[in-house]
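# Fold and geometry: a report
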Amino acid sequence: MFMPPGTRPSRLALALLAVVFAHLAWFVWPGHGGAFDRWLAETFYIPAFLLGAALCWRAGTRAGPEARPAWRAFGVGLAAFGVGQVVWTYLELVRQASPFPSVADVLFLSLPVAFALAFRRLPRAPLSRGAAVQLALDVALVTGSAALFSWRFLFTDVLTTYTGQPLALWVAFAYPALDLLLLALALLLVARQGGAPRRAAGLLALGLAALIVADSGFAYLSLQNVYRAGAWPDLFWSLGAALVGLASLGATPGPHPSPRTSEEARAWPLALTPYLAVVAATFLQLSTFGERGPEAWGVLVGGALLTLLVILRQGLAFAGNERLTRRLRALSGELETRVAERTAELRRQGGALDAANAELRALSAALETQVRERTAALEASHAQLAHLAQHDALTGLPNRALLEDRLTRATAHAARHGGLLAVLFVDLDGFKFVNDTLGHRPGDEVLTEVARRLTGAVRGCDTVARFGGDEFVVLLHDLAREEDAAAIAGRMLATFAQPFALSEHEVRVTASVGVSLSPRDGVEPAELLRHADVAMYQAKRHGKNAVRFFSPEMNAAARARADLETSLRGALARGEFALHYQPQFGPGGEVCGFEALLRWTHPDLGPVSPATFVGVAEDAGLIVPIGTWVLGEACRQNAAWQREGLPPVRVAVNVSPAQFAREDFVSVVRAALQGHGLEGRWLEVELTERLVVQDVEATARKMAELRALGVGVSVDDFGAGHSALAYLLRLPVSGLKIDRAFVRDLGEVPGAERVVGAIVALAHALGLEVVAEGVETAAQLRRLHALDCERTQGFLQGRPAPAAEARERLVAASGWAAVTGPLGR
């Protein structure tokens, strides 16, 4: 199992394994909640660290004099972490305080320091100078790549979170920094065997890796304010402590056998690790193109340093090849001398001379062939690295660096010789929805096909580059007039008319194009790119799938949108959001439910329309945490009404496509219901038709899980878009919401009443409830009742109102206030 061969499982080891498997079983067991589970979540992995520490300390008494301090240091590190968690649990659950930093942080940070000291005391494999330099570069490449990810996802958030708190900032920085130290130790353990048997060294490396994953996951979730005790990082802490403790079982009383040298132990997967790390860092750089701020600059500068390390690494390889060449030449000279000597001898011996000469010539030719092949392979590797540095790995198009170089050359040429050039910023409409619903592999297929279509729509002298994500930039050279840019942009949009046939799906994706012209809109590359980007956002705001040319007035609109996004990022934490509740009525005019509608009050702008800020939240990636808050708040308010004794009603919540596409969506709904003690039948989620028909299998699975919780699932704005009746037969939907456009046309447009009647009849035939929204006139209400529509909603009967007014409507509808008094007591 995990134990090194030749060792008997002790009681401590068996107890350690039992603790880890118990933690795993508790983690996967559903339905955690309450104070007891909170205590379990905070303390479950403490025994793993303390038992692992005991095993390491006992190994220190059993190991030889060289390794004894190392194993004791491992034990001290594990014990410090376990005691730190005990202190933290006491502060948080007993004292009801969560200070940061605290004594617990000192104990937590003692673990990587103790592990570093332990590694220093382990015997290490002998290395030549060249091998040591090569190993140092490889570890630097991997650790540097990991540092880039830490900077992008942890360090910058730490800077933002603890600004103005120097001590907290340094302590928060110490966690990811010491995790990078643990990563370097794990790499060195694998590369140099750590002076321990191979199985023990492997377990140590895996334990360090598990602790790194736990620390990084905890830090990331904490900075996102989504960490809760009992989350998945806790399981990795238990696993890491157990692996380190089990590795100590391999400690032997005598001296360790001499480990193999690095040249013998260096397997090809380990040799590939630095290059894989560089590739990962390259993709991280590509993902930050187009972003601004310290995160993007840090990734850019770090990537440049990694590039220098790669160049240095390749330089060492070339130097090694040169040494090999010189050695081969020396061997060749030696062989020629031996040939001459052997020839003289063979001449004396007669006919054996020709055979010896032929053998030596064959050996020399073979050596020369090896040199040529090695040289050719190195030259091909260098050419490939140069190509990767300037081209997108997925589409093969020029990347941002090559585009900026060509744009700089083009603007300089236009400045000297005159001429017109255009920069077209192309951003795909709805691509994020494709990624969220179908996955990244179909998304990559779409990007590859987009690259092919764009390249086919421009001239041979033009440049099509992938700028980052779903953004492309087209550089048009030597235009005769501005209208030529409009014609080419129109051809590009026309290529999106045909759907994208993927391996398993067929999707439709359009594009928004912004155009800037030089010299009219600027002569600097950065200025032209920025203006084309601003024009592209204007195209998106005015309906998408369009071309917009830059104008100076667009800068003000772009700045206003950026200011709105900045304010929106902190709105949830500042408590600026609120829910208003619009009532839904039955045939007799009774209140039978509410729809929860999100409202935002900006501290300076006042109330901001959802039509203004929801799209910004979706583009900025903020809609998921906001949607999670809306679910929780709606459940909390409904449960509060029921606890007051008001008649229970169903509250409907709109769910964005990005939120529904997440794998944990059903878990979020379950947690909202359980957290506020609300039965599932009093909650309804509303999904758009576009989301419902995009990925039917995944949608059906999640709907079934929601229905199992008792939660209602309705299709919002039915009939306005992608209505497909076949999907209603396959999906466990509980209701339909007729789009307000059909309600508005009742009595105004011929045939509207028949369409609404057909929708109601279809829903009733399928056993679904029907809600008609947008009821604004008494005539519309009468027609809907005549068509047997059981639920209505609109300004005629009730506008959205804050929770207090919605409560009063419930009180008035039920007569409850007459019995309980005005305060409800």
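Residues numbered from 1 in each chain as written. Predicted model: local features only at pLDDT ≥ 70, side-chain atom pairs only at ≥ 80, totals over all residues. Heavy atoms only, no water.

## Some words on the overall build of the protein chain
A tally of helices and strands in the protein chain yields 31 helices and 16 strands. The buried share of the protein chain, taken over its 825 residues, is 48%. Contacts spanning at least 24 positions in sequence make up 70% of the contacts within the protein chain whose residues lie at least 6 apart. (Helix = DSSP H or I, 4+ residues; strand = E, 2+ residues; numbered from the N terminus. Buried < 20%, exposed > 50% of the residue type's maximum accessible area, 1.4 Å probe, protein only. Contact = heavy atoms within 4.5 Å.)

## Side note on helix H1 (residues 11–28)
Every α-helix winds through 3.6 residues per turn, so residues three or four apart in the chain are directed the same way. For H1, built from 18 residues, the straight-helix expectation of 26 Å at 1.5 Å per residue is met to within 8% by its first-to-last C-alpha distance of 26 Å. Along H1, the residues classified as buried are Ala13, Leu16, Leu17, Val19, Val20, His23 and Trp26. (Expected span 1.5 Å × (residues − 1).)

## Quick word on unusual backbone geometry
Leaving glycine aside, a negative phi is the common case for residues, and trans is the common case for peptide bonds. The omega torsion across Ser518 and Pro519 is 15 degrees, close enough to zero to call that bond cis. Examined against the element boundaries, Pro519 turns out to sit in the loop between strand E6 (510–518) and helix H18 (525–541). The phi torsion at Asp478 lies on the positive side, around 50 degrees, for a residue other than glycine. The residue Asp478 is located in strand E3 (residues 471–479) in this model. The phi dihedral of Asp788 is positive, around 70 degrees, even though this residue is not glycine. If you trace the backbone, Asp788 turns up in the loop between helix H29 (778–786) and strand E16 (791–793).

## Quick notes on the packing of aromatic side chains
Evaluated as defined, the whole model comprises 14 aromatic pairs. Consider the rings of Phe81 and Trp237, whose centres lie 5.8 Å apart with planes at 50 degrees: the pair is tilted. Of this pair, Phe81 sits in helix H4 (residues 68–94) while Trp237 sits in helix H9 (residues 232–247), and the two are 156 residues apart along the sequence. Considered together, Phe81 and Trp237 belong to a single accessibility category, that of buried residues. With a centroid separation of 6.1 Å and an interplanar angle of 50 degrees, the aromatic rings of Phe496 and Phe500 are classed as tilted. Residue class for Phe496 comes out buried when judged on its relative accessible area of 6%. (Phe/Tyr/Trp six-rings, centres within 6.5 Å; stacked < 30°, edge-to-face > 60°.)

## What to know about the pattern of salt bridges
Applying the stated criterion across every chain yields a total of 26 salt bridges. Note that Asp484 and Arg481 form a salt bridge whose closest N and O atoms lie 3.4 Å from each other. With a closest N to O distance of 3.3 Å, Asp664 and Arg662 form a salt bridge. A relative accessible area of 32% places Asp664 in the partly exposed class. A relative accessible area of 40% means that Arg662 is categorised as partly exposed. (Salt bridge = Lys/Arg side-chain N within 4 Å of Asp/Glu carboxyl O.)

Note that every value here comes from positions in space, so none of it alone points to a role or purpose.
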